[in-house]
Amino acid sequence: MRILGHKLTVTAQIGIAIVVINLFVALFAPLIAPFDQATPVGDAWADPSAQHWLGLDNLGRDLLSRLIYGARMSIGLSLIITALSFLIGVITGFSAAVIGGWVDQLLSRIVDLLLSMPTLIFAFVILSVLGSALPVLIVTIAILDSTKVFRLARSVAVTIVSLEFVEAARLRGEGWWWVVTREVLPNAIPPLTAEFGLRFCFTFLFIAALSFLGLGVQPPDADWGSMVKDYRDMINFGSAAPLYPAGAIAILTIGVNFVVDWMLAIHSRGQGEGA
Amino acid sequence: MSDTPDTKRDDHIVLDIQGMRVVVRTDAGHGPVLVDDVSLQLRRGEVIGLIGESGAGKSTIGLATMGYTRRDCHIVGGQIIFGDTDIRAITLEERRALRGPKIAYIAQSAAASFNPAHTLMEQVCEAAVRHGVMKPAEARSAAVALFRELDLPSPDTIGSRYPHQVSGGQLQRVMAAMAMVAKPDILIFDEPTTALDVTTQVECLAAFRKLIREHGTAALYITHDLAVVAQIADRIMVLRHGKMVEFGDSRQILQDPKEDYTRRLVRERIAGHQFTPQAEESEAPILQVDHVSASYPRKPRVIDDVSLAVRKGDTVAVVGESGSGKSTLARVITGLLPREAGDVRFDGESLPPRLKDRSIDQLRRAQMIYQMPDVALNPQHTLLETIGRPVAFYFRRSREEVRTRVVELLRQMDLPEHFITRKTSELSGGQKQRVSIARALAAEPELIICDEVTSALDQLVGEEILRLLKKLQDELGVAYLFITHDLGTVKRIANKVVVMLQGKVVASGETKAVFAPPYHPYTELLLSSVPEMRPEWLDEVLARRAAGAAATAALLRAP
């Protein structure tokens, strides 16, 4: 099996399958889920049955439905945050590399400042002060994450900027926006794509961690991190309830990593440039 | 095709390659054949030169001789018999035991081959000691003896230096010492002087030849330069596309080549030249550089009080060795490096020192072509984008007009029209350089600065590019400022020349006058360092240098 002329490894096939299934579930959650995520449909902690395949949760809501809606929340949120952090990080990173001088210094030092603070603690403070509304959550994590994207984007761009075709563009009189979007960006796509996958995983786990701590997604919305938190005590009573969301987190993370590994391998092997 | 000299299997043969075949093989299947049915026999004390353009398979043969191939390449046929063993038949471990003590390799770029974190002595002795051929003390004294033989300065202590503390030519010779320490039977030289300046190349060639002769070591000498191989090889094998074209005695190959391809190589190398007539002196210069000095931040001056003038239709060559400031001069003229003193005038109008203060039209009128076409073109852009951008940018043309102009330019460059949708990364080196020229011409400039535009290309391809540039000049009247270290190029295309040494102009004027006696001593040194196609050349140069050794040394050391 091949994609874009590259052979798929077994792990890449597994990874792609996991990612595609998850995306499908996330997209069509309302159609797939047998029940509503927020409405109690029976007794708390009812055992799995033909109607409720994974049983009911602490408030009597259908666990499978919450898991499905959780996919939508967790994956959707991570995608939005990662995309936003890339938008910020790539534009600032490229600009720093292309413009250089004090712009580079200023942006780099701001990023150093943000990076010097432990992310989780920082997010904790912001979310405690401003509350855990979804827009706040998205912007906070996206900005924190964009610092790491900035670092990568800047270093990739610095290498590209030193090449003579960028010098040629400058000699022509091109402005920095042209250089960033037309000269640098097309050559930075492969490493950035791979990084996107990795950062998606980190964001995903970060949201799970925040939710687990109670600062992420707020009830009654389901997401995998808060589900682990809500159900964790049940493990003492022999219920598998917390293992489902935890397992979902683990599987998706592994799947995305498989895909990323494959993309990195392709990238490092080069695209077979004509001699 | 000339016959391989018929040889009996005698004891003097140290390496016997029969029908060697190397192919590329990847997950995707079979790739091109790199070496196809090449045979040679190397005798003790003999030097065989392998010559050809890039892709001829000469380096692949050199590596395969040690039983080594680059990634995804495989030796699929033939025998490589070294002494009594077929290198293809033995294990990886056994091969490794041969490399170093028995067969040693000298690479093109010594700077990239040495580990910057270890001293020279550690690295020179490492292989011999690792293989258990010598004790550390023995290896060290052998190394010092070799340093002395190779005419390295302070041979007793140079070993304690780090690679960055010696010059490029010295490092290349240290590498030869590293290869020689364990007294191998065969040395493989892979373009060992290609990255060096001409004056340094002479020293290295002399040292290598002395080394080979005194130790009676057999050697394969890989190079693309016939004149270099003429000085050192007993026999020459000409290769093309992995196949042997001609194999014979050095003198025969140089003086009486049998094959057409060899004849072309020889002819281009000694190509006679007519000095190009000079443009009319009365015309005002397009570019005038007046007493310009410049330096990089917190560094000593790189160019100092440089003046030159370029008129319409002129080709002015700026020559000098690495570090002479010739490329910096281009950066100053284009405004990438602001000048500190002096003036740069274009058509009588003073250009602002900084690039960003210059007007779009000022930028348009002087264009630049680079040395490495691989990095001078954005690999992700198509030819339409690459060549069309200056048209759209400077002349604000519509999409249709841009396309028409690009097609016209492609035709002028002798590139097929359908290339317009190709990405630049899909082209060959020569084609890329043509695209660079097209991109420069698209701006309809009056001056094009050519920075070593042929030095990354194969000889014959480079010739074509020079011819194209000449043709365009005749048609369009564009002036060239030609930055180069290759004096052969200069003689052929430039009507004026400026010789630079350590940031200063030491000689300038019409090419005819500068390259004729009485020379400036440095011009003479440069001229005499260009290898000629006669095996006697190196001896003559060395004899002449020995006579005037003091003067030469003083000149190169001059501040």
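Residues numbered from 1 in each chain as written. Chains lettered and ligands numbered in written order. Predicted model: local features only at pLDDT ≥ 70, side-chain atom pairs only at ≥ 80, totals over all residues.

**Considerations on the overall build of chain A**
Phase 1: Looking only at helices and strands, chain A features 10 helices and two strands.
Phase 2: Listed N to C, the secondary structure of chain A is β-β-α-α-α-α-α-α-α-α-α-α in terms of helices and strands.
Phase 3: Over its C-alpha atoms, taken along the principal directions, chain A stretches across nearly 75 × 50 × 30 Å.
Phase 4: A burial count over chain A gives 42% of its 275 residues as buried.
Phase 5: Within chain A, counting contacts between residues at least 6 apart in sequence, those at least 24 apart form 66% of the total. (Helix = DSSP H or I, 4+ residues; strand = E, 2+ residues; numbered from the N terminus. Buried ≥ 20, exposed ≤ 12 C-beta atoms within 10 Å, placed from the backbone. Contact = placed C-beta atoms within 7 Å.)

**Looking at the overall build of chain B**
Phase 1: A count of helices and strands for chain B gives 22 helices and 20 strands.
Phase 2: Against the globule reference of 24 Å for 559 residues, chain B gives a C-alpha radius of gyration of 25 Å, in line with a compact fold.
Phase 3: For the C-alpha atoms alone, the extent of chain B along its principal axes is close to 70 × 55 × 45 Å.
Phase 4: Per-residue burial over chain B gives 46% buried out of 559 residues. (Rg over C-alpha atoms; globule rule 2.2 N^0.38 Å.)

**Considerations on unusual backbone geometry**
Residues and elements named next belong to chain B.
Phase 1: Omega for the peptide link from Pro517 to Pro518 comes to -5°, which places this bond in the cis form.
Phase 2: The residue Pro518 is located in the loop between α19 (511-514) and α20 (521-529) in this model.
Phase 3: A positive phi angle is found at Asp151, which is not glycine, with a value near 60°.
Phase 4: By C-beta crowding, Asp151 is classed as partly exposed, having 14 other C-beta atoms within 10 Å.
Phase 5: Positive phi, close to 45°, is recorded for Gln502, a residue that is not glycine.

**Remarks on the environment of Leu447 of chain B**
Residue and element names in this part refer to chain B.
Phase 1: Its place among the elements puts Leu447 in strand β17 (residues 447-451).
Phase 2: Distance from Leu447 to Ile286, taken between C-alpha atoms, is 7.6 Å for residues 161 residues apart in sequence.
Phase 3: The residues touching Leu447, leaving out its near neighbours within four places in the chain, are Ile286, Leu287, Val310, Arg365, Ala366, Ala479 and Leu481.

**Focus on the confidence of the model for chain B**
Residue and element names in this part refer to chain B.
Phase 1: Mean pLDDT over chain B: 86, with 93% of residues reaching 70 or higher.
Phase 2: Note that pLDDT drops below 50 for residues 1-8; the model gives that stretch seven contacts with residues more than four away or on any other chain.
Phase 3: The ipTM, which scores confidence in the relative placement of chains, is 0.76 for this predicted complex, and the corresponding pTM is 0.79. (pLDDT = per-residue confidence, 0-100.)

**Some points on the sheet that holds strand β4 (residues 73-82) of chain B**
Residue and element names in this part refer to chain B.
Phase 1: Ordered in space as β2-β1-β4-β5, the four strands form an open sheet in which the pairing is antiparallel. The strands lining the two open edges of the sheet, one partner per strand, are β2 (29-43) and β5 (85-86).
Phase 2: Inspection of the sheet shows β4 paired to β5 by two bridges, in the antiparallel sense. By the bridge assignment, Phe82 is partnered in β5 with Thr85. (Pairing = 2+ DSSP bridges.)

**Describing the pairing of strand β14 (residues 341-346) of chain B**
All names here are of chain B.
Phase 1: When strand β11 (residues 287-295) meets β14, the two strands line up antiparallel, connected through five bridges. Residue pairing for β14: Ser293 is matched across the bridge by Ala341.
Phase 2: In terms of strand pairing, β14 meets strand β15 (residues 349-350) through two bridges, oriented antiparallel. When the sheet's bridge partners are listed, Arg345 is paired in β15 with Ser350.
Phase 3: Hairpin remark: β14 followed by β15, antiparallel, with two residues in the connecting loop; positive phi at Asp347, about 55°.

**What about the interface of chain B and chain A?**
Phase 1: Each partner contributes residues to the interface: chain B has 21 residues there, and chain A has 16 residues.
Phase 2: At the level of secondary structure, the elements contributing two or more residues to the side of chain B that touches chain A comprise α12 (360-365), α13 (373-376) and α14 (383-395) of chain B.
Phase 3: Looking at side-chain class alone, the side of chain B that touches chain A contains 14 nonpolar, five polar and two charged residues. (Nonpolar A, V, L, I, M, F, W, Y, C, P; charged D, E, K, R; others polar.)

**Section: the nonpolar core**
Phase 1: Counting residues in each nonpolar core, the largest one holds 101 residues, and the members touching the most others are Ala157 of chain A together with Val318, Leu481, Phe482 and Val499 of chain B.
Phase 2: Looking at which element gives the most residues to this core, the answer is helix α6 (residues 134-161) of chain A, with eight residues.
Phase 3: Those residues within four positions of Ala157 of chain A in sequence are excluded, and the remaining contacts are Gly93, Phe94, Ala97, Val98, Val184 and Ala188 of chain A.
Phase 4: Core analysis: the next-biggest nonpolar cluster, separate from the first, contains 90 residues, Leu34, Leu50, Leu205 and Met237 of chain B among them. (Core = buried A, V, L, I, M, F, W, Y, C linked by C-beta atoms within 7 Å.)

**Considering the packing of helix α15 (residues 399-412) of chain B against helix α16 (residues 429-442) of chain B**
All names here are of chain B.
Phase 1: Two elements in contact, α15 and α16, have axes whose closest approach is 10 Å; the angle formed by their N-to-C orientations is 130°. With respect to each other, α15 and α16 are oriented oblique. Seen along the crossing, α15 lies across α16 with a hand that is right-handed. Facing α15, whose interface residues are Arg405, Leu409 and Leu410, α16 presents Ala438, Leu441 and Ala442. (Axes fitted to C-alpha atoms, helices over the stretch in contact; angles between N-to-C directions. Parallel < 35°, antiparallel > 145°, perpendicular 65-115°, else oblique. Left-handed = near helix turned anticlockwise from the far one by under 90°.)

**A word on the environment of Lys58 of chain B**
Residues and elements named next belong to chain B.
Phase 1: Here Lys58 shows up in helix α1 (residues 58-64).
Phase 2: Overall, the presence of 27 C-beta atoms within 10 Å leaves Lys58 in the buried class.
Phase 3: When the C-alpha atoms of Lys58 and Glu149 are compared, they prove to be 28 Å apart, with 91 residues separating the residues in sequence.
Phase 4: The residues touching Lys58, leaving out its near neighbours within four places in the chain, are Leu50, Gly52, Ile222 and Leu239.

**Here we look at the packing of helix α1 (residues 10-27) of chain A against helix α3 (residues 63-99) of chain A**
Residues and elements named next belong to chain A.
Phase 1: Closest axis-to-axis distance for the α1/α3 pair is 8 Å, and the angle between their directions is 105°. As the angle between them shows, α1 and α3 are arranged roughly perpendicular. Judged by residue contacts, Asn22, Leu23, Val25 and Ala26 of α1 engage Ile68, Ala71, Arg72, Ile75 and Gly76 from α3.
Phase 2: Tallied by class, the residues present in the contact of α1 with α3 amount to six nonpolar, two polar and one charged.

**Here we look at the sheet that holds strand β16 (residues 366-369) of chain B**
Residues and elements named next belong to chain B.
Phase 1: Pairing in this open sheet of six strands is mixed, and the strands run β16-β17-β18-β13-β19-β20 from one edge to the other. Lying at the two open borders of the sheet, with one neighbouring strand each, are β16 and β20 (504-510). Neighbour to neighbour, the strand axes of the sheet diverge by 15° on average, direction disregarded.
Phase 2: Bridge count between β17 and strand β18 (residues 479-484): five bridges; the pairing is parallel. By the bridge assignment, Ile449 is partnered in β18 with Leu481.
Phase 3: Sheet contacts for α16: β16 and β17; angle to β16, the most-contacted strand, approximately 175°.

**Observations regarding the domain arrangement of chain B**
All names here are of chain B.
Phase 1: On domain assignment, one finds that chain B holds domain 1 (48-55 + 93-269) and domain 2 (287-531).
Phase 2: Between the C-alpha centres of domain 1 and domain 2 there is a distance of 34 Å.
Phase 3: Those elements that place two or more of their residues in the side of domain 1 that touches domain 2 are α7 (198-215), α8 (226-232) and α10 (260-269).
Phase 4: When residues in the side of domain 1 that touches domain 2 are grouped by element, the largest group, four residues, is from α7.
Phase 5: For the side of domain 1 that touches domain 2, the per-class residue count stands at five nonpolar, five polar and five charged. (Domains from an automatic or database assignment.)

**A short note on the pairing of strand β13 (residues 315-319) of chain B**
Regular strands show a simple pattern: their side chains alternate between the two faces of the sheet.
All names here are of chain B.
Phase 1: With five of five residues buried, β13 lies mostly within the body of the structure.
Phase 2: Residues Thr315, Ala317 and Val319 line one face of β13 and the alternating positions Val316 and Val318 line the opposite face, and both faces are buried.
Phase 3: Judged from the four bridges that link them, β13 and strand β19 (residues 496-501) form a sheet pairing that is parallel. Within β19, the residue paired with Ala317 across the bridge is Val497.

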